[in-house]
Amino acid sequence: MKKKKIVIHSNFSRAFTGFGKHTKNLLKYLYKLDKYEIVEFANGLSWNDKQVNFLPWKCYGSLPNDPERINQLNKDPNLGRAAGYGAEMVDEIIKREKPDVYVGIEDIWGFNNYWNRKWWNKTNCMIWTTLDSLPLLPDAVAAAPKIKNYYVWANFAVKEMHKLGHEHVGLLRGSLDPTHFFKLADAEKIKLRKRHDLGSQDFIIGFVFRNQLRKSVPNLLEGYKLFIESNPNSKAKLLLHTSWAEGWDIPRLLKEKNISHDNILTTYFCHNCREFEIKKFTEHREDCRFCNGKKCQETSNVKHGVTEAQLNQIYNLMDVYCHPFTSGGQEIPIQEAKLAELITLNTNYSCGEDSCSEESGGFPLDWAEYREPGTQFIKASTLPESICEQLKKVFDLSKDKKADLGKKSRKFVIDNFSIEVIGKQFEKIVDAMPEINWDFNFEKILANPNYEPPDIEKNEDWITDLYKNILKRDAGIEDDGHKYWMKEFSKGVNRQDVLNYFKKVANDEVEKDQIPKFEEILDKDDEGKRIAVVLPGAHKDIFLFTALLPSIKKLYRGYNIYFICNPVHNEILDGNPNIHKVVPYSDKLDNMFTLEGRGDHKGYFEVAYFPHTATQKFVAYVHNCKDKTDFELQCT
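A brief look at the structure comes next. The model shown is predicted, which means the values in this text are computed figures rather than measured ones.

Turning next to the overall build of the chain. Assigned secondary structure in the chain consists of 22 helices and 22 strands. Projected onto its principal axes, the C-alpha positions of the chain cover 95 × 65 × 60 Å. Taking contacts inside the chain between residues at least 6 apart in sequence as the whole, the part at least 24 apart equals 64%. Total accessible area on the chain stands at roughly 29,400 Å², and carbon and sulfur atoms take up 50% of it.

Turning to the pairing of strand β6 (residues 149-152), a few remarks are in order. Neither face of β6 is exposed, since Asn 149 and Tyr 151 on one face and Tyr 150 and Val 152 on the opposite face are all buried. Of the pairings in the sheet, the one linking strand β5 (residues 124-129) to β6 comprises four bridges and is parallel in character. Pairing of Trp 128 across the sheet is with Tyr 151, part of β6. Tracing the backbone out of β5, into helix α5 (residues 138-143) and back to the parallel element β6 gives a crossover that is right-handed. Judged from the two bridges that link them, β6 and strand β7 (residues 170-171) form a sheet pairing that is parallel. Along β7, the bridge assignment pairs Val 152 with Leu 171.

Here we come to unusual backbone geometry. Along the chain, Leu 134 connects to Pro 135 via a cis peptide bond; the corresponding omega equals -10°. Relative to the helices and strands, Pro 135 is located in the loop between β5 and α5. Of note in the backbone geometry, Asp 34 takes a positive phi value of approximately 55° without being a glycine. Along the chain, Asp 34 turns up in the loop between α1 (18-33) and β2 (37-46). Phi at Arg 274 is positive, roughly 70°, even though this residue is not glycine. Structurally, Arg 274 is set in the loop between β10 (264-270) and β11 (276-280).

Backbone hydrogen bonds are what pair the strands of a sheet, in a parallel or an antiparallel way. Taken in spatial order, the seven strands of this open sheet run β3-β2-β1-β4-β5-β6-β7, and their pairing is parallel. Because the sheet does not close on itself, it has two edges, and the strands there are β3 (58-63) and β7. In terms of strand pairing, β2 meets β3 through five bridges, oriented parallel. Directly across from Ser 46, in β3, lies its bridge partner Leu 63.

Here we have four strands laid out as an open sheet, ordered β21-β20-β19-β22, and parallel in their pairing. Of all strands in the sheet, those with a lone pairing partner are β21 (581-584) and β22 (607-609), marking the two edges. Strand-to-strand twist of the sheet, defined as the mean angle between neighbouring strand axes without regard to direction, takes the value 25°.

Here the focus is the pairing of strand β8 (residues 203-208). Most of β8 sits inside the fold, with six of its six residues counted as buried. Side chains of β8 alternate between two faces, with Phe 203, Ile 205 and Phe 207 and Ile 204, Gly 206 and Val 208 buried alike. Across six bridges, the pairing between β8 and strand β9 (residues 236-241) is parallel. The residue of β9 that forms the bridge with Ile 205 is Leu 238. Running through helix α8 (residues 217-230), the crossover from β8 to the neighbouring parallel element β9 is right-handed.

Summed over all chains, the structure comprises two cavities of 30 Å³ or more. Of the pockets and cavities examined, the largest cavity occupies roughly 50 Å³. Along the walls of the largest cavity sit Lys 21, Asn 25, Ser 175, Leu 176, Asp 177, His 180, Phe 181, Glu 308, Ile 332 and Glu 336, which together make up its complete lining. Taken together, the residues of the lining of the largest cavity break down into three nonpolar, three polar and four charged. Each pocket or cavity is described by its volume, and for the second largest cavity that value is around 40 Å³. Looking at the second largest cavity, the residues that line it are Trp 153, Ala 154, Arg 173, Gly 329, Gln 330, Gln 335, Cys 351, Asp 354, Ser 355 and Phe 417.

Glancing now at the state of the cysteines. The final tally for this structure, using the stated rule, is zero disulfides. For Cys 270, which is in no disulfide, the shortest distance to another cysteine sulfur is to Cys 296 and amounts to 3.5 Å. Cys 322 forms no disulfide, and the closest cysteine sulfur to it belongs to Cys 388, at a distance of 11 Å. Since its relative accessible area comes to 0%, Cys 322 is described here as buried.

Once that is clear, we can look at the packing of α1 against helix α14 (residues 419-431). Their axes nearest at 10 Å, the elements α1 and α14 cross at an angle of 65°. Put simply, α1 runs roughly perpendicular to α14. Considering only the axes of α1 and α14, their crossing is right-handed. Residues Asn 25, Leu 26, Tyr 29, Leu 30 and Leu 33 of α1 form the contact with α14, whose own contacting residues are Ile 419, Glu 420, Gly 423, Lys 424, Phe 426 and Glu 427. Its residues placed into classes, the contact of α1 with α14 shows six nonpolar, two polar and three charged.

Definitions and cut-offs
- Residues numbered from 1 in each chain as written.
- Predicted model: local features only at pLDDT ≥ 70, side-chain atom pairs only at ≥ 80, totals over all residues.
- Heavy atoms only, no water.
- Helix = DSSP H or I, 4+ residues; strand = E, 2+ residues; numbered from the N terminus.
- Contact = heavy atoms within 4.5 Å.
- Areas by Shrake-Rupley, 256 points an atom, 1.4 Å probe, with all protein chains shown as cover.
- Buried < 20%, exposed > 50% of the residue type's maximum accessible area, 1.4 Å probe, protein only.
- Pairing = 2+ DSSP bridges.
- Right-handed = clockwise from strand over helix to strand, strands pointing away.
- Axes fitted to C-alpha atoms, helices over the stretch in contact; angles between N-to-C directions.
- 1 Å grid on protein atoms, 1.4 Å probe; cavity = no way out; pocket = protein on both sides within 12 Å on 5 of 7 lines; lining within 4 Å.
- Points joined across faces, edges and corners; volume = space filled by probe spheres on them.
- Nonpolar A, V, L, I, M, F, W, Y, C, P; charged D, E, K, R; others polar.
- Disulfide = S-S within 2.5 Å.
- Parallel < 35°, antiparallel > 145°, perpendicular 65-115°, else oblique.
- Left-handed = near helix turned anticlockwise from the far one by under 90°.

Have a look at this one:
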C-alpha cells in the first residue's frame, strides 16, 4: 500500500522550545513506525538551510532563501512575522510535496489564515495548537468552522470551544519522552549536589522557563521571600533555569525585594565544551572552569542550552518544582519535572488546571484575576502567599509521602502526555483520513496594487481595508503590522505615503508571482556551469552586447549562457548560437547575491554579469569565479 505523506509544520525539531521538543518527539515516533512518508517544514530556517541535511527525514525551512526578499518582508512587521511562520513558502511545500496530510503545530496566529488558501481542505488539514486564555482568542474561534481537524493541548480550551458550539475541537496534548526524564538514585543525587557545591540539606526550589513576561518571576520571588522569612532554618535556595539576558530584569527584582543573591542559583552552559554548572548568578556570560574558555558560558537560552540528559540532572537537584505563570498552552517543564518524580506547584488557571489536580500529584497555586490591556484576556497573578503556603506544605511532608506523590506524578504524565500515548492518538486520527487525489491547481489570489480605498474615517479601519483589499490579508487591530502603522500615524505619517507603500508591496508580489521560478527554468544537467547576463534593455544595448557573447562563451567553455531581459527584446536574441535560454527580467534579478548566492542560499549561477549597471547602485562584480573578470571580454 502507498504510504500516506504527512507534512509536519512547526518549530524546527532541534530548537530548544516547547514546540521544538514536541515536534522532535513526534517525528522520531513516526519515523520509527516506517508507516508514513514524513516531511518536516521547519519554522525559523531558510528553505535550504544546511541543518536540514542532517536529519533522517526530508526537511525544508519555512523562510525564502533570497535575503533580499526577507529584508523586504521585514520592513512590515506583520509580513515579516508571517514569513517566519511559513506564510511565504507554505504554498510551495504543498505544491512540491503534495501531501495527504498537512499538520500545523503552532500558536493559532502563526497560520495567517491558511484556511483561505486554495489548497486548504483539498488535502487533509489539521491544526494542533495551543490556546492559553479566556475568553478564547477571537481568531481561534472564528477559524473553527474552517478547520475540520482542530486539536488543542489543554482541557480548558476544549471545554470552552464546546461551550461555543464547536464540538469537533478535540484534545491532543503535547508529547514528552519519558525515557529522558526520571528520578536518579539517592546516591547519585548526593554526588550530583556535591559537584555543584550544594548541601544535602539544602531545600532546592526549581523553575525551568523561558524568561518571558508571562512567567511570574516577581510573584515567585515574593513567595520565596515569604517562605524563607517564615522558615529561616529551611536552607532554601531558588534555582532559576533560564536566560538572564532577556525578559525580566531578575537582578533588579532581587535588589528591589531585598533578597540575597547568595541563595539564587542559575544554570550556566558552555557552548565550547558543552558542560553545565549550577551556581550563583553574576553576569550572563562567564568563563568556563571546565575548559578554561573565556566568556563561553551563558545562562541557558534557546540557542545554547543543556541536553535532555543534563536537564534531567537539573530536575534531580530540586526538592520541589514551582511554576507560576499568567497563562499557558501546556508548560512542558511541569510535566518534565513530574517525570523526575518531583512534586509540582503551578498556577491553577489555563493549562495549569490539568497539572495541579489531585490525580496529577501536583498542588495548585491560587491566583487573582487581572485583564490584559487591549485583548482583555483573563490573566492570572499568582498569589505569593499561596506559593509560600504550598512550599511549606511540601517542606513538611515526610520522605515516604513525597516519594508516593512523585510516583503518582510520573504515572500521570506517562498515561496522559507520553509520546507513546500521544503518538497512538495521532496515528488513529491520521489513519482515519482519506488519501488525496491531487487534481487541483495552486492558483492563488493575487495582491491588487490598483485598488483605491474609499474615504474611511478611522485610520484603524482604513489600514484593515488596505490589508484586505490590496495585500489580500486579514489584519485586525491586534496584528503587529496593524499596530506598526497606527504608531506611524501617531508620528504624523500621511495616508498617501502609507498607500504608496502598500501598492509597492502588492506590485512586488504580483511581479514575483508572474516570474517563472528558476527551478522550473534552469536545466538540471548544467548545474555548476551556468552564466547569467542581466540586461533589461533598451534594444540598442542588447544588440551591442551580443557582440560580447562569443567572448563570454570562449572564456567559460562548457558553460550555458542564460540571457535575462525584457521579453519585448527576445526577437534580437532569437537564434543566437551563444545563448542557451532567454529568461524574463525582473528588478529582483538586479541582485548579485540572488543569482550567485550568499550565506545559506547557494545561488543559481556561477557568474552573473550586469552590463547595465554603470554606477555604484548595484553590486555587480563579486563573482564566484575569481580568476575571470569582465575585463577579459573582447568584442568580436
